[in-house]
Amino acid sequence: MPTFKVKYATRNKLARSLQQEIRALGLIDTGALYDSVRISAVWGDKLNVITMTINAMFYYLFLDEGTKRGIPPYSITDSWLRRSDVQQILAEITQEYIEWQFKQYPLLEMAKILNNPKVSIEFNWIDSPYPDLRTTPTTPF
């Protein structure tokens, strides 16, 4: 099955925007989290689903969703996805993906389901000491 891929420049814009969100929330201590953020892949290998992989230090999850041991949730991912620049970039990616699907599968032009692909996020944790650390956010977007 063919795979839709997003170019590096577009993924880099998303990563820079996430870094700006981390900075805006005041979550820069040593800079390790900020510097670790990369969007390594945005692809679609399933019909009407775009998957984005974010690489970040493992403690991004704890800062994003909080812990029972006293770290408050900063909702980094939710705040980032609400940013207008991210919404614009994702809209461009979605439009390119829809056009790509129609080129790959011409019969799909008749299916209205393809007008609104689902975007899912996966995380690749850097230096995680926890082998079973969840790789998907708990809050839907």
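**What about the overall build of the protein chain?**
Then, in step 1: Of the regular secondary structure elements, the protein chain holds five helices and four strands.
Then, in step 2: Along the chain direction, N to C, the helices and strands of the protein chain fall in the order β-α-α-β-β-α-α-α-β.
Then, in step 3: In terms of its C-alpha atoms, the protein chain occupies a principal-axis envelope of roughly 50 × 30 × 20 Å.
Then, in step 4: Relative to all contacts within the protein chain whose residues are 6 or more apart in sequence, the contacts with residues 24 or more apart total 63%.
Then, in step 5: Surface exposure of the protein chain reaches about 8,400 Å², of which carbon and sulfur atoms provide 53%.
Then, in step 6: Placing the 16 positive and 15 negative side-chain charges of the protein chain at their respective mean positions leaves the two points 2 Å apart.

**Some points on the packing of aromatic side chains**
Then, in step 1: A complete count under the given rule lists ten aromatic pairs for this structure.
Then, in step 2: Measuring from ring centre to ring centre gives 6.1 Å for phenylalanine 58 and phenylalanine 62, while their planes differ by 85°; the resulting arrangement is edge-to-face.
Then, in step 3: Exposure remark for phenylalanine 62: the relative accessible area of 21% places this residue in the partly exposed category.
Then, in step 4: Aromatic side chains phenylalanine 58 and tyrosine 130 sit 5.9 Å apart centroid to centroid with 65° between the ring planes, which places their arrangement in the edge-to-face category. Of this pair, phenylalanine 58 sits in the loop between strand 3 (49-57) and helix 3 (60-65) while tyrosine 130 sits in the segment after strand 4 (118-126), and the two are 72 residues apart along the sequence.
Then, in step 5: Take phenylalanine 58: its relative accessible area is 15%, and that puts it in the buried class.
Then, in step 6: For tyrosine 130, a relative accessible area of 43% gives the class partly exposed.
Then, in step 7: One aromatic cluster in this structure is built from Phe58, Tyr59, Phe62 and Tyr130.
Then, in step 8: When the ring centre of tyrosine 34 is taken as reference, the NZ or CZ atom of arginine 23 above it lies at 4.8 Å.

**Here we look at the pattern of salt bridges**
Then, in step 1: Applying the stated criterion across every chain, the model contains three salt bridges.
Then, in step 2: Note that arginine 134 and glutamate 65 form a salt bridge whose closest N and O atoms lie 2.2 Å from each other. Here arginine 134, found in the segment after strand 4, pairs with glutamate 65, found in helix 3; they are 69 residues apart in sequence, far enough to count as distant.
Then, in step 3: The class for arginine 134 is partly exposed, based on a relative accessible area of 33%.
Then, in step 4: Measuring nitrogen to oxygen at the nearest pair gives 3.2 Å for the salt bridge that ties aspartate 85 to arginine 83.
Then, in step 5: The network of salt bridges with shared partners includes Glu21, Arg83 and Asp85.

**Some words on the side chain of threonine 94**
Then, in step 1: Mapping threonine 94 onto the fold places it in helix 5 (residues 84-104).
Then, in step 2: Owing to a relative accessible area of 14%, threonine 94 belongs among the buried residues under this scheme.
Then, in step 3: Non-local contacts of threonine 94, meaning those with residues more than four positions away in its chain, are made with Ile50, Pro117 and Val119.

**Quick look at helix 5**
Then, in step 1: Between the first and last C-alpha of helix 5 there are 30 Å, a value that for 21 residues agrees with the 30 Å anticipated at 1.5 Å per step.
Then, in step 2: Restricting attention to buried positions, one finds in helix 5 the residues Val86, Ile89, Leu90, Ile93, Thr94, Tyr97, Ile98, Trp100, Gln101 and Phe102.
Then, in step 3: Taken together, the buried residues of helix 5 touch strand 1 (4-5), helix 1 (8-24), strand 2 (38-46), strand 3, helix 4 (76-82) and strand 4.

**Some words on the environment of aspartate 78**
Then, in step 1: Looking at where aspartate 78 falls in the secondary structure, it is placed in helix 4.
Then, in step 2: With a relative accessible area of 18%, aspartate 78 lands in the buried category.

Parameters and conventions
Residues numbered from 1 in each chain as written. Predicted model: local features only at pLDDT ≥ 70, side-chain atom pairs only at ≥ 80, totals over all residues. Heavy atoms only, no water. Helix = DSSP H or I, 4+ residues; strand = E, 2+ residues; numbered from the N terminus. Contact = heavy atoms within 4.5 Å. Areas by Shrake-Rupley, 256 points an atom, 1.4 Å probe, with all protein chains shown as cover. Lys, Arg positive; Asp, Glu negative; His and termini not counted. Charge placed at Lys NZ, Arg CZ, Asp CG, Glu CD. Phe/Tyr/Trp six-rings, centres within 6.5 Å; stacked < 30°, edge-to-face > 60°. Buried < 20%, exposed > 50% of the residue type's maximum accessible area, 1.4 Å probe, protein only. Lys NZ or Arg CZ within 6 Å of the ring centre and 35° of its normal. Salt bridge = Lys/Arg side-chain N within 4 Å of Asp/Glu carboxyl O. Expected span 1.5 Å × (residues − 1).

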